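Structural overview
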Amino acid sequence: MYDYDFVQRLNDIMSDDLNQTCRFELCENVGAENSILIHVEPSAFRSSTTKNILYARIKSNGNFKYVSFPSKFKNLFENEGVKVTQIKSQLDFCRINLDELSEKLTMLYPILKKIFTASFCFSDFGCCSKCVDCSDQMKCIHPDLIYATACQYRKNLENGRVFYGHNRNID
């Protein structure tokens, strides 16, 4: 089934971000669309109740084959020249032609990563005990990169603002 192949390609492309703590899985639904879920393994930083999170929807049969993502990411795809459509009954999702998305999957990695990161909802925290090491390496080194999406210092590092260590550039 094409859906499974697409999900496997997502796993391959996002392997560094998945960090062995989660993976994409296909959930076959009764309707026309199947769900692409992020299956999350429990960790010391995450509740065991956080297991499957909807990442996207996929429809690989019929006249129009597509993957749909939350509409808040529509502009990111359009800015990359990807044609995006919507239907009135599902304005909270936007659709991208499955063949076009498959063809441009590697190029669209930054958007796919942003959607992946936004899929999680943890309470924000300022930084962890690794902030100096993160500063020295200019990236987050927290062992659970999923949980670390809530780190406010990580967001500063990603925007070039370093508060600690020998790379410090903020007074």
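Residue numbers restart at each chain and count upward from 1, following the sequence in its written direction. Given that this is a predicted model, residues contribute local features only at a pLDDT of at least 70 and side-chain atom pairs are listed and counted only at 80 or more, while totals for whole chains, interfaces and linings are drawn from all residues. In computing side-chain properties, one takes all heavy atoms of the structure into account and sets aside hydrogens as well as water.

1. Some remarks on the sheet that holds strand 3 (residues 52-59)
Short version of the rule: Strands were regarded as paired on the criterion that DSSP finds at least two bridges between them. A run of H or I in DSSP becomes a helix once it reaches four residues, and a run of E becomes a strand once it reaches two; helices and strands are each numbered from the N terminus.
Here we have six strands laid out as an open sheet, ordered 1-2-3-4-6-5, and antiparallel in their pairing. Single-partner strands in this sheet number two, and they are strand 1 (22-27) and strand 5 (84-85). Across five bridges, the pairing between strand 4 (residues 66-70) and strand 6 (residues 93-97) is antiparallel. From the neighbouring strand, Val 67 faces strand 6, where its bridge partner is Ile 96.

2. Structural notes on the side chain of Lys 59
Quick note on the threshold: Using a 1.4 Å probe on the protein chains alone, a residue whose accessible area is under 20% of its type maximum counts as buried, one over 50% counts as exposed, and one in between counts as partly exposed. His is not counted, nor are the chain ends; Lys and Arg add positive charge and Asp and Glu add negative charge. One side-chain nitrogen of Lys or Arg within 4 Å of one carboxyl oxygen of Asp or Glu is enough to make a salt bridge. N or O atoms closer than or at 3.5 Å make up a polar contact, with two conditions inside protein: a donor-capable atom paired with an acceptor-capable one, and, for residues adjacent in sequence, both atoms drawn from side chains.
Inspection of the secondary structure assignment puts Lys 59 in strand 3. Buried charge without a salt bridge: Lys 59, with Glu 33 as the nearest opposite-charge side chain at an N-O distance of 7.9 Å. Side-chain polar atoms of Lys 59 contact the backbone oxygen of Asn 61, separated by 2.8 Å.

3. Digging into the pairing of strand 1
Burial along strand 1 is one-sided: Cys 22, Phe 24 and Leu 26 are buried, and none of Arg 23, Glu 25 and Cys 27, which face the opposite way, are. Summarising the sheet, strand 1 and strand 2 (residues 34-40) pair through six bridges and their orientation is antiparallel. Residue pairing in the sheet places Cys 22 in a bridge with Val 40 of strand 2. From the end of strand 1 to the start of strand 2, which pair antiparallel, there are six residues.

4. A word on the environment of Val 132
Rule in force here: The criterion used for residue contact is that any of the two residues' heavy atoms lie within 4.5 Å.
Inspection of the secondary structure puts Val 132 in helix 6 (residues 131-137). Its relative accessible area of 39% is what places Val 132 among the partly exposed residues. Here the alpha-carbon distance between Val 132 and Gly 165, two residues 33 residues apart in the chain, equals 5.3 Å. With sequence-adjacent residues up to four places away left out, Val 132 is seen in contact with Tyr 164 and Gly 165.

5. Brief notes about the nonpolar core
For clarity, the threshold we go by: The term nonpolar core refers to a set of buried residues drawn from Ala, Val, Leu, Ile, Met, Phe, Trp, Tyr and Cys, joined through side-chain atoms within 4.5 Å.
The biggest cluster of nonpolar side chains holds 41 residues, and the ones touching the most others in it are Ile 36, Tyr 55, Phe 69 and Phe 77. For Ile 36, the contacting residues outside a window of four places in its chain are Phe 6, Val 7, Leu 10, Phe 24, Glu 25, Leu 26, Ile 53, Leu 54, Tyr 55, Ala 56 and Ile 58.

6. Side note on the packing of aromatic side chains
Worth spelling out the cut-off: Within 6.5 Å between ring centres, the rings of Phe, Tyr and Trp (the latter by its six-membered ring) count as paired, and their orientation is classed by plane angle as stacked under 30 degrees, edge-to-face over 60, tilted in between. Working rule: Lys NZ or Arg CZ, within 6 Å of ring centre, within 35 degrees of ring normal, means a charge sits over the ring.
Under the definition given, this model contains eight aromatic pairs. For the ring pair Phe 24 and Tyr 55, a centre distance of 4.7 Å and an interplane angle of 55° mean the geometry is tilted. Here Phe 24, found in strand 1, pairs with Tyr 55, found in strand 3; they are 31 residues apart in sequence, far enough to count as distant. Here Phe 24 and Tyr 55 have matching classes, each one buried. Their ring planes at 80° and their centres at 6.4 Å tell us that Phe 163 and Tyr 164 sit as a pair that is edge-to-face. Lying over the aromatic face of Phe 93, Arg 57 brings its terminal NZ or CZ to 3.7 Å of the ring centre.

7. Brief notes about the pattern of salt bridges
Summed over the entire model, instances satisfying the criterion amount to five salt bridges. In this structure, Glu 158 engages Arg 154 in a salt bridge whose closest nitrogen and oxygen atoms are separated by 3.0 Å. With Glu 158 and Arg 154 both in helix 7 (residues 152-158), this residue pair falls four residues apart, about one helical turn.

8. Topic: the environment of Asp 136
Relative to the elements of secondary structure, Asp 136 occurs in helix 6. It is 8.4 Å that separates the C-alpha atoms of Asp 136 and Arg 168, two residues lying 32 residues apart in sequence.

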